[in-house]
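Coordinate analysis (summary)
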Amino acid sequence: MNQAAGHRNLLRQRQGHEHGKVTFVELFFDLVFVFAITQLSHSLLKDLTLLGALHTGLLFLAVWWVWIYTSWVTNWLDPERTPVRLLLLVLMLAGLILSTSLPEAFAEKGLAFAGAYVFMQVGRSLFMAVAVRRHSAGNFRNFQRITAWLVLSALFWIAGAFAEAEVRLALWAAALAIEYVSPSLGFWTPGLGRSTTADWDVEGGHMAERCGLFVIIALGESILVTGATVAELELTAGTLAAFVTSFIGSVAMWWIYFDIGAERGSHTIAGSDDPGRLARIAYTYIHLLIVAGIIVGAVADELVLAHPGGHLEAGTAAALLGGPALYLVGNTLFKWTTAGRVPLSHLAGLILLAGLVPGTVVLSPLLLGVAVMLILVLVAVWERLSLRRGQEAGISSAEIG
């Protein structure tokens, strides 16, 4: 009897302080989101207006939310078990439908997008509730609450799919607001009450690794965009300079996140008495700023590669400055949350980016791109030197600013 129950248990088996490994099927699942990020960056590139930015921003929040919720679920469920593996493959198919509909989500493919999204969110939560019913009473109640909130938001997603223009935007914004606010309310549900972050007993190392891998996905998409764009252009001096600038900027972004912050964040959440709180704040909410900054930065790189010289358009300037700014804000908040200190290098970088705003009226796209790249490199070098000085002085990495 107990052996049969054990076989039906789909939860990960945790072993002391070892964090659960990210499995191959999780990495396979992530391939859909490589495509989704490419779709988002191309959509913003084609409609670099305020309305286009709003549309892309809303769709990005939805894509991030469906991915991060799946990461929470695979933090508890064992992807090596066949039912869980099948769940991920079904979600992968739905995610592919969602991704293909992104460019036309506010046009004729609204129902495809909303239907795929609702299926992924509600279906995954129902699966989780059934999977943990006999093995984790606390998580069973949590996913009853989560499912109730997702069903509520689903009404707005589906209604929006049948609406037009501004009404669709408003309804989908309301759906996202419901989903983004609900965790901070503990998913309070009539008759079930609310949960606390202490109930969300996540394995911190796995969550940190999953989010780090998504950052890699976003940076990889930026590299792909750069390479694909250059391959289609005549290799002039301006194009070559823009290509090198873009690559160095991507390297600096990687360095800023992974040199200190990623590993320190992983150690912090793994040793936390309340990992659910850190997973919610640092990895669920704050990381979306980091990934958004990379996506906007990739759009800026493609714009500069296409037109390195001449007049700097307002949209190009906004992408060139806005992407790195979002990225630095996200990293600042992430490192503040996990280390308890605001990195001075990041604040300096944000101030320097703001100082470039007046220069957008006289600089070419390439020159502004070079200036932004140098700021990112400065931030990366500053933080590395601060770490080295701290190590020489016997200060832990958590205290490095």
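Residues numbered from 1 in each chain as written. Predicted model: local features only at pLDDT ≥ 70, side-chain atom pairs only at ≥ 80, totals over all residues. Heavy atoms only, no water.

**So, the overall build of the protein**
When you go through the protein residue by residue, the secondary structure sums to 13 helices and zero strands. Order of helices (α) and strands (β) in the protein, N terminus to C terminus: α-α-α-α-α-α-α-α-α-α-α-α-α. For the protein, the C-alpha radius of gyration of 22 Å lies close to 21 Å, the compact-globule estimate for 401 residues. Seen along its three principal axes, the alpha-carbon backbone of the protein occupies a region of about 75 × 60 × 35 Å. Buried residues in the protein amount to 53% of all 401 residues. (Helix = DSSP H or I, 4+ residues; strand = E, 2+ residues; numbered from the N terminus. Rg over C-alpha atoms; globule rule 2.2 N^0.38 Å. Buried < 20%, exposed > 50% of the residue type's maximum accessible area, 1.4 Å probe, protein only.)

**Some remarks on unusual backbone geometry**
Positive phi is not limited to glycine here, since A165 has a value of about 40°. Locating A165 in the fold gives a position in helix 7 (residues 165–181). Positive phi, normally seen in glycine, also occurs at F187, with a value near 55°. Residue F187 is classed as buried on the basis of its relative accessible area, which comes to 5%.

**Observations concerning the layout of surface pockets**
Here the largest pocket defines a volume of roughly 400 Å³. Taken together, 20 residues form the lining of the largest pocket, with L44, A53, G57, V296 and L326 sitting closest to its centre. Only helix 2 (24–46), helix 3 (50–76), helix 10 (275–306) and helix 11 (314–339) provide two or more residues apiece to the lining of the largest pocket. Looking at the lining of the largest pocket element by element, the count peaks at six residues for helix 3. (1 Å grid on protein atoms, 1.4 Å probe; cavity = no way out; pocket = protein on both sides within 12 Å on 5 of 7 lines; lining within 4 Å. Points joined across faces, edges and corners; volume = space filled by probe spheres on them.)

**Observations regarding the nonpolar core**
Among the nonpolar cores identified, the biggest contains 112 residues, and F33, W64, W157 and W172 are the most heavily contacted of them. Considering each element in turn, this core owes the most residues, 17 residues, to helix 10. If we ignore the near neighbours within four places in the chain, the residues touching W64 are Y180, C211, F214, Y283, T284, H287, L288 and V291. (Core = buried A, V, L, I, M, F, W, Y, C linked by side-chain atoms within 4.5 Å. Contact = heavy atoms within 4.5 Å.)

**Description of a nonpolar patch on the surface**
Side chains of I216, I223, L235, L240, F243, V244, F247, I248, V251, W254 and W255 sit close together on the surface and give an oily, nonpolar patch of about 930 Å² of accessible area. Every element with two or more residues in the nonpolar patch is listed here: helix 8 (204–231) and helix 9 (237–270). Residue classification places W254 among the partly exposed residues on the basis of a relative accessible area of 36%. (Patch = residues over 30% accessible without salt bridge, like charges linked within 9 Å, V, L, I, M, F, W, Y side chains within 5 Å. Areas by Shrake-Rupley, 256 points an atom, 1.4 Å probe, with all protein chains shown as cover. Salt bridge = Lys/Arg side-chain N within 4 Å of Asp/Glu carboxyl O.)

**Quick notes on the pattern of salt bridges**
Note on pairing: side chains with opposite charge can pair once their charged atoms come close. This structure, assessed with the given rule, holds six salt bridges. A salt bridge links E26 to R12; the shortest N-O distance between them is 3.1 Å. Residue E26 is found in helix 2, and its partner R12 is found in the loop between helix 1 (2–8) and helix 2; the two are separated by 14 residues along the sequence. The two residues E26 and R12 agree in class, both being buried. Here R210 ties to D30 by a salt bridge, and the two come within 2.7 Å at their closest N and O atoms. With R210 in helix 8 and D30 in helix 2, this residue pair connects regions lying 180 residues apart in the sequence.

**A closer look at the packing of aromatic side chains**
The tally for this structure, following the rule as stated, stands at 24 aromatic pairs. Seen from their ring centres, W72 and W76 are 5.8 Å apart, and the 50° between their planes marks the pair as tilted. Linking W72 with W76, this pair stays in helix 3, spanning four residues, or about one helical turn. Comparing W72 with W76 shows no difference in burial state: the two are buried. Taking 6.0 Å as the distance between ring centres and 90° as the angle between the ring planes, the aromatic pair formed by W72 and W200 counts as edge-to-face. Highlighted residues: W72 in helix 3 and W200 in the loop between helix 7 and helix 8, separated in sequence by 128 residues. (Phe/Tyr/Trp six-rings, centres within 6.5 Å; stacked < 30°, edge-to-face > 60°.)

**Some details on the confidence of the model for the protein**
Taken over all residues, the pLDDT of the protein has a mean of 92, while the share at 70 or more is 94%. Confidence drops under a pLDDT of 50 for residues 1–7, and excluding neighbours within four residues, the segment shows three contacts in the predicted structure. (pLDDT = per-residue confidence, 0-100.)

**Quick notes on helix 9**
The terminal C-alpha atoms of helix 9 lie 48 Å apart, and with 34 residues this matches the ideal 50 Å at 1.5 Å per residue to within 8%. Where helix 9 bends most, at G261, the angle is about 45°. (Expected span 1.5 Å × (residues − 1). Bend = angle between axes of the 7 residues up to and from the residue.)

**A look at the side chain of S195**
Along the polypeptide, S195 turns up in the loop between helix 7 and helix 8. A polar contact of 3.2 Å, which involves the side chain of S195, links it to the side chain of W200. Setting aside anything within four residues of it in sequence, one finds S195 in contact with N142, R145, G186, F187 and W200. (Polar contact = N/O pair within 3.5 Å; in protein donor to acceptor, adjacent residues only side chain to side chain.)

**Section: the packing of helix 3 against helix 5 (residues 110–132)**
Between helix 3 and helix 5, the least distance of the axes is 11 Å, while the angle of their chain directions is 20°. Here helix 3 lies roughly parallel to helix 5, going by the angle between them. Viewed along their axes, helix 3 and helix 5 form a crossing whose handedness is left-handed. Residues L59, A62, W65, V66, Y69, T70, V73 and W76 of helix 3 touch helix 5, and the partners they reach there are F113, Y117, M120, Q121, R124 and M128. Grouping the amino acids of the contact of helix 3 with helix 5 by side-chain chemistry returns 11 nonpolar, two polar and one charged. (Axes fitted to C-alpha atoms, helices over the stretch in contact; angles between N-to-C directions. Parallel < 35°, antiparallel > 145°, perpendicular 65-115°, else oblique. Left-handed = near helix turned anticlockwise from the far one by under 90°. Nonpolar A, V, L, I, M, F, W, Y, C, P; charged D, E, K, R; others polar.)

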